[in-house]
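Here is what each chain is made of, one letter per residue.
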Amino acid sequence: GQQVMQIPQYQHVQEGEDFTTYCNSSTTLSNIQWYKQRPGGHPVFLIQLVKSGEVKKQKRLTFQFGEAKKNSSLHITATQTTDVGTYFCAGLRDRGSTLGRLYFGRGTQLTVWP
Amino acid sequence: DAGVTQSPTHLIKTRGQQVTLRCSPKSGHDTVSWYQQALGQGPQFIFQYYEEEERQRGNFPDRFSGHQFPNYSSELNVNALLLGDSALYLCASRSGQIQETQYFGPGTRLLVL
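### Things to note about the interface of chain A and chain B
Step number 1: Each side of the interface is counted separately: chain A has 23 residues, and chain B has 23 residues.
Step number 2: Summed over both partners, the interface of chain A with chain B buries about 1,800 Å², with 48% contributed by carbon and sulfur atoms.
Step number 3: The largest contributions to the chain A side of the interface with chain B come from His 42, Arg 101 and Phe 104 of chain A, which together make up 28% of the buried area.
Step number 4: Inspection of the chain A/chain B interface yields zero salt bridges.
Step number 5: At the surface where chain A touches chain B, the tally comes to three residue pairs in polar contact (both at pLDDT 80 or more).
Step number 6: When contributions to the side of chain A that touches chain B are tallied by element, the ones reaching two or more residues are β4 (29-37), β5 (44-49), β9 (85-93) and β10 (102-104) of chain A.
Step number 7: Taken together, the residues that form the side of chain A that touches chain B break down as nine nonpolar, 12 polar and two charged.

Spelled out as structure tokens, the structure:
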């Protein structure tokens, strides 16, 4: 079955440093979505990427979707303590019976030291 | 405009008991999916409901069942609870279009003792 792998599992950075999490799928994705979950909270939608090679920016966050639509990354520039949380990628499969079902990565837990 | 709501927020049960969790989708959404998130893991798809029918199902045993009502709200039922069923249960809703964003509710934290 499809698997979405996400690395690293944990990342500890000092405030002001950059952070990147990577997501890789065993199959082609229709789109990929990114979520942030604060400790004790629920996943909150950040962005959706649909096109091959797509790059989207939200202030200090940059999201990329690979050319083959199998991998994606989230990069945060100059982290702040408010960036603390777990970042999940979730892929929507391109075709087949599992259309509409999100496959989540395990998440990258980001800790930011002041 | 209310987002996705879930009840209860927390629940404690003992092994062998049964539990029902409830979800009201975001206004305008007709598709509801349920996910189980164990501690330290990403959400795992349980099943999805559309037009009051189960449309897709993940790798969960028959102890997990659900229902969708005409007003699009949904219930998740788990029978014969096991310790391993302790998790955060998330409901997500979207409109019928597959490419539409899913919105998650705050979840129900279930603890099975």
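### Observations concerning the pairing of strand β11 (residues 108-113) of chain A
All names here are of chain A.
Step number 1: Of the two faces of β11, the one holding Thr 108, Leu 110 and Val 112 is buried and the one holding Gln 109, Thr 111 and Trp 113 is not buried anywhere.
Step number 2: Of the pairings in the sheet, the one linking β9 to β11 comprises three bridges and is antiparallel in character. Bridging across to β11, Gly 85 finds its partner in Leu 110.

### Describing the packing of aromatic side chains
Step number 1: For the coordinates displayed, the defined rule picks out 12 aromatic pairs over all chains.
Step number 2: Ring plane angle 55° and centroid distance 6.5 Å describe the contact between Trp 34 of chain A and Phe 63 of chain A, whose orientation is recorded as tilted. With Trp 34 of chain A in strand β4 and Phe 63 of chain A in strand β7 (residues 61-65), the pair connects residues that are 29 residues apart, well separated along the chain.
Step number 3: For Phe 63 of chain A, a relative accessible area of 0% gives the class buried.
Step number 4: When the ring of Tyr 35 of chain A is compared with that of Phe 104 of chain B, the centres are 5.3 Å apart and the planes differ by 90°; the resulting orientation is edge-to-face. In this pair, Tyr 35 of chain A is assigned in strand β4 and Phe 104 of chain B in strand β10 (residues 103-104), connecting two distinct chains. This pair shows no difference in class: Tyr 35 of chain A is buried, exactly as Phe 104 of chain B is.
Step number 5: One aromatic cluster is present, formed by Tyr 35, Phe 45, Phe 88 and Phe 104 of chain A together with Tyr 35, Phe 45 and Phe 104 of chain B through successive ring pairs.
Step number 6: A cation over an aromatic ring shows up here: Lys 26 of chain B above the ring of Tyr 103 of chain B, its NZ or CZ 5.2 Å from the ring centre.

### Quick look at the side chain of Thr 79 of chain A
Residues and elements named next belong to chain A.
Step number 1: Within the fold, Thr 79 resides in the loop between β8 (71-76) and β9.
Step number 2: Residue classification places Thr 79 among the buried residues on the basis of a relative accessible area of 1%.
Step number 3: Setting aside anything within four residues of it in sequence, one finds Thr 79 in contact with Val 13, Gln 14, Glu 15, Gly 16, Glu 17, Asp 18, Phe 19, Arg 60 and Val 112.

### Some details on the sheet that holds strand β1 (residues 4-7) of chain A
Residue and element names in this part refer to chain A.
Step number 1: The strand order β1-β3-β8-β7-β6 describes an open sheet built from five strands, whose pairing is antiparallel. At either end of the open sheet lies a strand with only one pairing partner, and these are β1 and β6 (55-58). Ignoring strand direction, the axes of neighbouring strands in this sheet form an average angle of 15°.

### Digging into the pattern of salt bridges
Residues and elements named next belong to chain A.
Step number 1: Here the structure, examined in full by the defined rule, presents six salt bridges over all chains.
Step number 2: In this structure, Lys 56 and Glu 54 form a salt bridge, with 3.7 Å as the shortest nitrogen-oxygen distance.
Step number 3: Residue Lys 56 is classed as partly exposed on the basis of its relative accessible area, which comes to 31%.
Step number 4: With its nearest N and O atoms 2.9 Å apart, the salt bridge here joins Arg 60 to Asp 83. Of this pair, Arg 60 sits in the loop between β6 and β7 while Asp 83 sits in the loop between β8 and β9; the two residues are 23 residues apart in sequence, bridging distant segments of the chain.
Step number 5: What makes Arg 60 partly exposed here is its relative accessible area of 23%.
Step number 6: For Asp 83, a relative accessible area of 5% gives the class buried.

Cut-offs and rules
- Throughout, a residue's number is its position along its own chain's written sequence, starting from 1.
- The lettering of chains begins at A and the numbering of ligands begins at 1, in the order of writing.
- In view of the model being predicted, local features appear only for residues whose pLDDT reaches at least 70, and side-chain atom pairs are presented and counted only at 80 or more, with totals across whole chains, interfaces and linings using the full set of residues.
- The basis for every side-chain value is the complete set of heavy atoms in the structure, and neither hydrogens nor water enter the calculation.
- Here, two residues are considered to be in contact whenever any of their heavy atoms come within 4.5 Å of each other.
- As a working definition, buried area equals the accessible area (1.4 Å probe) given up by two parts on being put together, with both sides summed.
- One side-chain nitrogen of Lys or Arg within 4 Å of one carboxyl oxygen of Asp or Glu is enough to make a salt bridge.
- Two N or O atoms form a polar contact when they lie within 3.5 Å of each other; inside protein one atom must be a possible hydrogen donor and the other a possible acceptor, and for residues adjacent in sequence the pair counts only when both atoms belong to side chains.
- What counts as a helix is a DSSP run of H or I of at least four residues, what counts as a strand is a run of E of at least two, and both are numbered from the N terminus.
- Think of it as three bins: nonpolar holds Ala, Val, Leu, Ile, Met, Phe, Trp, Tyr, Cys and Pro, charged holds Asp, Glu, Lys and Arg, and polar takes everything else, Gly as well.
- Buried means the residue's accessible area, taken with a 1.4 Å probe over protein chains only, is under 20% of the maximum for its type, while exposed means over 50%, and partly exposed covers the values in between.
- Paired strands are those between which DSSP finds at least two bridges.
- Under the pairing criterion, centres of Phe, Tyr and Trp rings, with the six-membered ring standing for Trp, must be within 6.5 Å; the plane angle then separates stacked pairs below 30 degrees from edge-to-face pairs above 60, leaving the rest tilted.
- Any Lys NZ or Arg CZ that is within 6 Å of a ring centre and within 35 degrees of that ring's normal is treated as a charge sitting over the ring.
- All axes are obtained by fitting lines to C-alpha atoms, using only the stretch in contact for helices, and the reported angles, taken between N-to-C directions, cover 0 to 180 degrees.

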